[in-house]
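Examining the three-dimensional arrangement
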Amino acid sequence: MPVLDPNPQNSQKKMLLVFGSFFAVFVLIAIVATLASP
């Protein structure tokens, strides 16, 4: 991932999508952990 990107909006959207998917996976793991805990 180059620092000097000719399309900053596209790379920003891709980075936001990656962070969103990571956050969604983290929330799913947290929900499964809280459901399996008791």
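See the structure above.
Okay, so let's go over this structure. (Residues numbered from 1 in each chain as written. Predicted model: local features only at pLDDT ≥ 70, side-chain atom pairs only at ≥ 80, totals over all residues. Heavy atoms only, no water.)

A closer look at the overall build of the chain
Across its full length, the chain holds one helix and zero strands. Put simply, the chain has 38 residues, and 3% of those count as buried. Carbon and sulfur atoms provide 75% of the accessible area of the chain, an area that totals close to 3800 Å². (Helix = DSSP H or I, 4+ residues; strand = E, 2+ residues; numbered from the N terminus. Buried < 20%, exposed > 50% of the residue type's maximum accessible area, 1.4 Å probe, protein only. Areas by Shrake-Rupley, 256 points an atom, 1.4 Å probe, with all protein chains shown as cover.)

Some words on a nonpolar patch on the surface
On the surface, a nonpolar cluster with roughly 550 Å² of combined accessible area is contributed by Phe23, Phe26, Val27, Ile31 and Leu35. Mapped onto the secondary structure, Phe26 falls in helix α1 (residues 8-36). (Patch = residues over 30% accessible without salt bridge, like charges linked within 9 Å, V, L, I, M, F, W, Y side chains within 5 Å. Salt bridge = Lys/Arg side-chain N within 4 Å of Asp/Glu carboxyl O.)

On their own, these measurements won't tell you what the molecule is for.
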